[in-house]
Amino acid sequence: MQFDAVLVVAFGGPQGRDDVRPFLANVLRGRRVPPSRVEEVAHHYELFDGVSPLTALTTKQAELLRSKLAEQGAPMPIYVGMRNWHPFLAETLAEMSRAGVRRAVGFLAAAQRSYSSCTQYRENVESARATLKNAGLADVEVVYVGDWHTHPGFIDANADHACDALARLPPDLQDRARIVFTAHSIPVSMAERFPYQRQLEETAVAVAQGVTARTGHARDWALVFQSRSGRPEDPWLGPDVCEYLRDERARGLAAAVLSPIGFLCDHIEVLYDLDVEAADACRAIGLPMVRAKAVNDHPRFIDAMADAVKQTVTRYSTGRPLTLVRAQ
C-alpha cells in the first residue's frame, strides 16, 4: 500500500478581527448557543487581536515534520487542513487531489481520543472527500495513525516544558508545587463512550514520572479540565481548573504548574483560559502559579509525529485497512 503524503488535521483559528465571528459561526454550526455566549468567546479572541496562534503553530509543526521525515529517509509532502477556518479541509483535499495524491497518512492534532477530538475530524475529512467527487476530482484516501498519547517524544516534550515552568517558581516553592494537568472538558455522556479520560490519565502519569526523573523529586499532580461549553444543566468532566485551584489553595496548596497536556499548541483556549482566567483566579487567592507551554514545536514532539507516520506506512506496507460496514 503506497502513501503519497501526510495530512495534518487541526481545529483552525481566525487570523484577524474580521475572521472571529465567521469562524465562531463555523465552530457552532448546528448548535443552539445564546448570542451572549458567542460574544463572550469572541471577546476572548479579540483580546489577542483576533489572531489564533493555532494556524501558525500547526503549520510550523507540519514543516518540521516534513524536514524530519526527509532527514530520516522517508520524505513525503505534508498538507494541513482545518475544520473551521482556512485552509479548510475541502480546500486542502482538492489541492492534494490536483497534485496527484491518492492516499495520505492522516495525523489528527489531538493526542487523546473522544468524539470531538477524533471521530468528528474523521467525519469532516469524509465530507471533504465527498466534495472532490462533486468537483470532478480524484479521491484522496486517508489512513490514520494509531494512538500516540504516551509516545516518549510527546511525553518528553511535555515533561521538559513542565520542568522549565517549575524553574520559574521561587526556589523554596519548586519542590512543593503541584503539576496541574489540563485538558478540554467534554460531556460525561461522550466520555463514557471514548477512552479520552483514561488516555489523559495515562499521559499525566507518564509526564509526572518524566518530571520526577528530571528533578529528582517525587511530583504531586492532578488532572483537571477547562474550556467547558454547553448547557449548565448537562454534566461535563471536572473539576474545572479555576474551581480546583481555589479549593486546593484553601486546603494549603503552595504553588501550581499548569500543564496543558490536552492541547498541542498554545492557542486561544490555552492563552485565555489559563494565562488570563486561571491566572486572575490565582492572583485573587494568592496562589503562586506558572504555566507550562504546550508541546508546540518541541523537537521531541516532532519525533513523535514522525514515528506515528512511519509506523502507519510500515503497518500497511503489505495490506490495506479494513473497511467497517455499519449494520443496517
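Calculation notes
Residue numbers run consecutively from 1 along every chain, following the written order of its sequence. pLDDT decides what is reported in this predicted model: residues at 70 or higher carry local features, side-chain atom pairs at 80 or more are listed and counted, and totals for whole chains, interfaces and linings draw on all residues regardless. Water and hydrogen atoms play no part in the side-chain values, which are based on all heavy atoms of the structure. Any two of the Phe, Tyr and Trp rings considered here, Trp counted by its six-membered ring, make a pair once their centres fall within 6.5 Å; the pair's planes then place it as stacked at under 30 degrees, edge-to-face at over 60, or tilted in between. Each helix is a run of H or I in the DSSP string that is no shorter than four residues. Each strand is a run of E no shorter than two, and both are numbered from the N terminus. Only protein chains enter the accessibility calculation, which uses a 1.4 Å probe; a residue whose area is less than 20% of its type maximum is buried, one above 50% is exposed, and one in between is partly exposed. The definition of a nonpolar core used throughout is a set of buried Ala, Val, Leu, Ile, Met, Phe, Trp, Tyr and Cys residues joined through side-chain atoms within 4.5 Å. Contacts are assigned to residue pairs that have any heavy atoms within 4.5 Å of one another. Any carboxyl oxygen of Asp or Glu within 4 Å of a side-chain nitrogen of Lys or Arg constitutes a salt bridge here. Only when DSSP finds a minimum of two bridges between them are two strands counted as paired. Note on method: axes are straight lines fitted to C-alpha atoms, helices fitted across the in-contact stretch only, with angles between N-to-C directions ranging 0 to 180 degrees. When the strands point away from the viewer and the path from the first strand over the helix to the second turns clockwise, the crossover is right-handed. The span expected for a helix works out to 1.5 Å for each residue beyond the first.

**Q** Describe the packing of aromatic side chains, listing the residues and the values that go with them.
**A** We describe a pair of aromatic rings using the distance from one ring centre to the other and the angle between the two ring planes. If you walk through the whole model with that rule in mind, you get eight aromatic pairs. A centroid spacing of 6.1 Å and a plane angle of 80° characterise the contact between phenylalanine 11 and phenylalanine 23, whose relative ring orientation is edge-to-face. Here phenylalanine 11 is found in the loop between β1 (5-10) and α1 (20-27), whereas its partner phenylalanine 23 is found in helix α1, with 12 residues between them in sequence. For phenylalanine 23, a relative accessible area of 0% translates into the label buried. When the ring of tryptophan 148 is compared with that of phenylalanine 301, the centres are 5.9 Å apart and the planes differ by 45°; the resulting orientation is tilted.

**Q** So what about the nonpolar core? Which residues, and what values?
**A** Counting 64 residues, the largest nonpolar core has Val6, Leu65, Phe154 and Phe301 as its most contacted members. With eight residues, the single largest contributor to this core is helix α6 (residues 152-166). Ignoring sequence-local partners within four residues, the contact set of leucine 65 consists of Val6, Val8, Ile78, Ile302, Met305, Ala306 and Val309.

**Q** Describe the pattern of salt bridges, listing the residues and the values that go with them.
**A** Under the criterion given, the structure shown has 22 salt bridges. The residue glutamate 126 makes a salt bridge to arginine 129 at a minimum N-O spacing of 3.1 Å. In this pair, glutamate 126 and arginine 129 are both assigned in helix α5 (residues 115-134), three residues apart and thus about one turn of the helix distant. The exposure class of glutamate 126 is partly exposed, given its relative accessible area of 42%. Notably, a salt bridge pairs arginine 214 with aspartate 160, separated by 2.7 Å at the nearest N-O pair. Of the two residues, arginine 214 sits in helix α9 (residues 196-215) while aspartate 160 sits in helix α6, which places them 54 residues apart along the sequence. Counted as one network, the salt bridges with shared partners bring together Lys68, Glu71, Asp156, Asp160, Arg214, Arg300 and Asp303.

**Q** Account for the pairing of strand β6 (residues 221-226), naming residues and giving values.
**A** Most of β6 is tucked away: five of the six residues are buried. As judged from the six bridges shared by strand β5 (residues 177-184) and β6, these two strands associate in the parallel manner. Each bridged residue has a counterpart across the sheet, and for valine 180 the counterpart in β6 is alanine 222.

**Q** Tell me about the sheet that holds strand β3 (residues 103-108), residues and numbers included.
**A** The strand order across the open sheet formed by four strands is β2-β1-β3-β4, and the pairing between neighbours is parallel. In the strand order of this sheet, the two ends are held by β2 (78-82) and β4 (141-144), each with one partner. Geometrically, the sheet is characterised by an average inter-axis angle of 35° between neighbouring strands, direction not taken into account. Looking at chain direction, β1 and β3 are connected through five bridges and run parallel.

**Q** Tell me about the pairing of strand β7 (residues 255-259), and name the residues and values.
**A** Among the five residues in β7, five count as buried, and that is most of the element. Burial of the side chains of β7 extends over both faces: Ala255, Val257 and Ser259 are buried on one face and Ala256 and Leu258 on the other. Here five bridges tie β5 to β7, and the two strands are oriented parallel to one another. In the strand pairing of β7, phenylalanine 181 is matched with serine 259. In the sheet, β7 pairs with strand β8 (residues 289-291) via three bridges, with the strands oriented parallel. Across the sheet, the residue bridging to valine 257 is valine 290, located in β8. Handedness of the crossover is the feature at issue here: the chain leaves β7, passes through helix α11 (residues 268-285), returns alongside β8, and the resulting connection is right-handed.

**Q** Can you explain the sheet that holds β7? Please cite residues and give values.
**A** Pairing is parallel across the open sheet formed by four strands, whose spatial order is β6-β5-β7-β8. For this open sheet the edge positions go to β6 and β8, each flanked by a neighbour on one side alone. On average, each strand axis in the sheet is inclined to that of its neighbour by 25°, with strand direction left out of account. Where α11 meets the sheet, its contacts fall on β5, β6, β7 and β8, and the angle it forms with β8 comes to roughly 175°.

**Q** So what about the side chain of serine 185? Which residues, and what values?
**A** Locating serine 185 in the fold gives a position in the loop between β5 and α8 (188-191). Those residues in contact with serine 185, other than ones at most four positions away along the chain, are Phe225, Gln226, Arg228, Trp236 and Leu237.

**Q** Account for α6, naming residues and giving values.
**A** For α6, built from 15 residues, the straight-helix expectation of 21 Å at 1.5 Å per residue is met to within 8% by its first-to-last C-alpha distance of 20 Å. Where burial is concerned, most of α6 is hidden: 11 out of the 15 residues are buried. For α6, the full list of buried residues reads Gly153, Phe154, Ile155, Ala157, Asn158, Ala159, His161, Ala162, Cys163, Ala165 and Leu166. Structurally, α6 contributes buried residues whose contacts are with α7 (171-174), β5, α9, β7, β8 and α12 (299-315).

**Q** Break down the environment of proline 170 for me, citing the residues and quoting the values.
**A** Summarising the element assignment, proline 170 is placed in the loop between α6 and α7. Taking the C-alpha atoms as reference points, proline 170 and proline 288, 118 residues apart in sequence, are found 9.1 Å from one another.

**Q** How would you summarise unusual backbone geometry if you had to cite specific residues and measurements?
**A** The omega torsion across histidine 86 and proline 87 is -5°, close enough to zero to call that bond cis. When you line up the elements, proline 87 lands in the loop between β2 and α4 (89-98). Residue aspartate 49 is not a glycine yet carries a positive backbone phi of 60°. If you trace the backbone, aspartate 49 turns up in the loop between α2 (35-46) and α3 (54-71). Relative accessible area serves as the criterion here: at 47%, aspartate 49 is assigned to the partly exposed category.

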